[in-house]
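Residue strings, one per chain:
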Amino acid sequence: MITREIRLAASVTGEPGPGHFTVAETDVDGEVTVRTDYVGLAATYLELMRADCRIPVPAWQPGDRVGAAVVGTVVRSGSPDLAVGDLVQSMTGWSEYSAGPAAQYVKLDRGLFPDPSYHLGQGVTAYHGMADVAAVGEGDVVFVSGAAGGVGSLAGQIAKCRGAARVIGSAGSPAKAAYLVDELGYDAAFDYHDGPVADRLRELAPEGITVFFDVVGGEQYDAAVRAARPGARFALCGSLSHQLGGDADRFPEPDRAAAGARGIELLPFSCHHTPEQVAAWREHFTRWLAEGRFVFPQTVVEGGIEQVPEAFLSLLKGSYRGNVAVRLA
């Protein structure tokens, strides 16, 4: 079977652009053939496109298919484990079809979520960081940076479901800040462009924060340190303020001295998840959805495979809210 796929045309240095991607045709053949229905997008993929990738995962090389998470439907099978029509998830990437051994596909329950794209959300990262790493619970005052993104938009809701007394989020525009409060249940939110972040935290959490879930770093991390109560827990998920700008130092070491002086517990964690972490998230997510306590924030972009790089670049520019997936025509 001939399919079209998106390949990395050149490793990214500085900011990414359309020239870093190319559309190619290739033949796919294997034990199982899958039609890609949804392609998941995440800012983390940018690091895997860089020549000097700094995370412990093999980087994509020029000529490689971009190997991101997708959900699709089995259209041909020679395996007793998968039947035609089964919904599956894989890391086969930005292509219209994929094929390979049945073991590379995970069978999904079509009835588990309202839409198959929900399987591509970043909830496992958000849940693990909030529940296991930061151990958010009753009475906590929580600050989430990058709260309108794929991880942050879920992290704040998880904190509320676990009994946090107050949840505050930062976002990149007044509209996104309003979205956090009006639709996702945040107690307060602000546009981080609207003056010093430290001033906004002092206003919104006058008695200080006990938990910080950070996906941004930079000024927002520094402000959280100043706003933290003694013994606060910082779940460090990412540093988008550095990573997306193409800085030479994309993953700066957090100021541990300042944190130590205030008795803050710094808790960096990995986004490579165990089956137990995936199961824990799905258990809580399905229950909270059924109870009407949770909203899945998502942007679904419609288009062909050639639209995927454009949607990815738009995500990096902050054009979307929540988790982002492309539904292939």
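Just so we're clear, the structure is a prediction, and the values are computed from it rather than from any experiment. Sequence order sets the numbering: in each chain, residues are counted from 1 along the sequence as written. Whole-chain, interface and lining totals are the exception, using all residues; otherwise, since this is a predicted model, local features are given only for residues with pLDDT of at least 70 and side-chain atom pairs are given and counted only at 80 or more. Only hydrogens and water are set aside; all other atoms, that is, all heavy atoms of the structure, feed into the side-chain values.

Draft legend 1. Seen up close, the overall build of the chain. Secondary structure counts use DSSP, requiring at least four H or I residues in a row for a helix and at least two E residues in a row for a strand, with both numbered from the N terminus. Helix and strand counts for the chain come out as 10 helices and 15 strands. Overall, the C-alpha framework of the chain stretches about 60 × 45 × 30 Å when taken along its three principal axes. A burial count over the chain gives 54% of its 329 residues as buried. This count recognises Lys and Arg as positive and Asp and Glu as negative, with His and chain-terminal groups excluded. A single reference atom marks each charge: NZ on Lys, CZ on Arg, CG on Asp, CD on Glu. Of the side chains in the chain, 27 bear a positive and 40 a negative charge, and the two mean positions are spaced by 3 Å. Partly exposed residues are those whose accessible area sits between 20% and 50% of the maximum for their type, while under 20% is buried and over 50% is exposed, using a 1.4 Å probe and protein chains only.

Draft legend 2. Broad picture of the packing of helix 2 (residues 123-133) against helix 9 (residues 275-290). Only the stretch in contact is used when fitting a helix axis, every axis being a line fitted to C-alpha atoms; angles between N-to-C directions are given from 0 to 180 degrees. Their axes nearest at 9 Å, the elements helix 2 and helix 9 cross at an angle of 95°. Considered as vectors, helix 2 and helix 9 are oriented roughly perpendicular to each other. Between helix 2 and helix 9, the contacting residues are Gly-123, Val-124, Tyr-127, His-128 and Asp-132 on the first element and Gln-277, Val-278, Ala-280, Trp-281, His-284 and Trp-288 on the second. Residues that form the contact of helix 2 with helix 9 fall into these classes: six nonpolar, four polar and one charged. Convention used here: angles under 35 degrees read as roughly parallel, angles over 145 as roughly antiparallel, angles from 65 to 115 as roughly perpendicular, and any remaining angle as oblique. Residues count as neighbours in contact if any of their non-hydrogen atoms are within 4.5 Å of one another. We call Asp, Glu, Lys and Arg charged. Ala, Val, Leu, Ile, Met, Phe, Trp, Tyr, Cys and Pro are nonpolar, and the rest, Gly among them, are polar.

Draft legend 3. The arrangement of the sheet that holds strand 10 (residues 188-191) in detail. Pairing between two strands is assigned when DSSP locates at least 2 bridges connecting them. Strand order across the open sheet formed by six strands is 10-9-8-11-12-13, with parallel pairing between neighbours. Here the strands that pair on one side only, and so sit at the sheet edges, are strand 10 and strand 13 (265-268). On average, each strand axis in the sheet is tilted by 15° relative to the strand beside it, whichever way the strands run. Pairing of strand 8 (residues 141-144) with strand 11 (residues 209-214) involves three bridges; the strand directions are parallel.

Draft legend 4. Region of the structure containing the packing of helix 2 against helix 3 (residues 152-161). Between helix 2 and helix 3, the least distance of the axes is 9 Å, while the angle of their chain directions is 45°. Considering the angle they form, helix 2 stands oblique to helix 3. Like other packed secondary-structure pairs, helix 2 and helix 3 cross with a definite hand, here right-handed. In this structure, helix 2 uses Gly-123, Ala-126, Tyr-127 and Met-130 to contact helix 3, whose residues at the interface are Leu-154, Ala-155, Ile-158 and Ala-159. For the contact of helix 2 with helix 3, the residue count by class is seven nonpolar, one polar and no charged. Crossings are classed by handedness, with left-handed meaning an anticlockwise turn of the near helix from the far one by less than a right angle and right-handed meaning a clockwise turn.

Draft legend 5. Summary view of the nonpolar core. Core analysis: the largest hydrophobic core is formed by 42 residues, its most contacted members being Met-130, Val-142 and Phe-213. For this core, the secondary-structure elements that each account for two or more residues are helix 2, strand 8, helix 3, strand 9 (166-171), helix 4 (174-182), strand 11 and helix 9. For this core, the leading source of residues is helix 2, giving six residues. Contact partners of Met-130, with chain neighbours within four places excluded, come to Ala-135, Val-136, Val-142, Val-144, Ala-155, Ile-158, Ala-159 and Phe-213. To define a nonpolar core, start from buried Ala, Val, Leu, Ile, Met, Phe, Trp, Tyr and Cys residues and group those joined through side-chain atoms within 4.5 Å.

Draft legend 6. Layout of the pattern of salt bridges. By definition, a salt bridge exists where a carboxyl oxygen of Asp or Glu is found within 4 Å of a side-chain nitrogen of Lys or Arg. Tallied over the entire structure, the rule returns 16 salt bridges. With a shortest N-O distance of 2.8 Å, Arg-202 and Asp-199 are connected by a salt bridge. Of this pair, Arg-202 and Asp-199 both sit in helix 5 (residues 197-204), three residues apart, which is roughly one turn of the helix. Residue classification places Arg-202 among the partly exposed positions, given a relative accessible area of 49%. A relative accessible area of 38% places Asp-199 in the partly exposed class. Salt-bridge contacts for Glu-283 lead to Arg-287; the nearest nitrogen and oxygen are separated by 4.0 Å. A residue pair is termed a helical-turn pair when its members lie 3 or 4 positions apart in one helix, as Glu-283 and Arg-287 do in helix 9 at four residues.

Draft legend 7. Quick peek at the pairing of strand 8. Burial along strand 8 is two-sided: the residues Val-141 and Phe-143 and Val-142 and Val-144 are all buried. Direction of pairing for strand 8 relative to strand 9: parallel, over a ladder of four bridges. Of the residues in strand 9, the one forming a bridge with Val-141 is Arg-166. With its strands directed away from the observer, a crossover is right-handed exactly when the path from the first strand over the helix to the second travels clockwise. The handedness of the strand 8 to strand 9 crossover, carried by helix 3, is right-handed.

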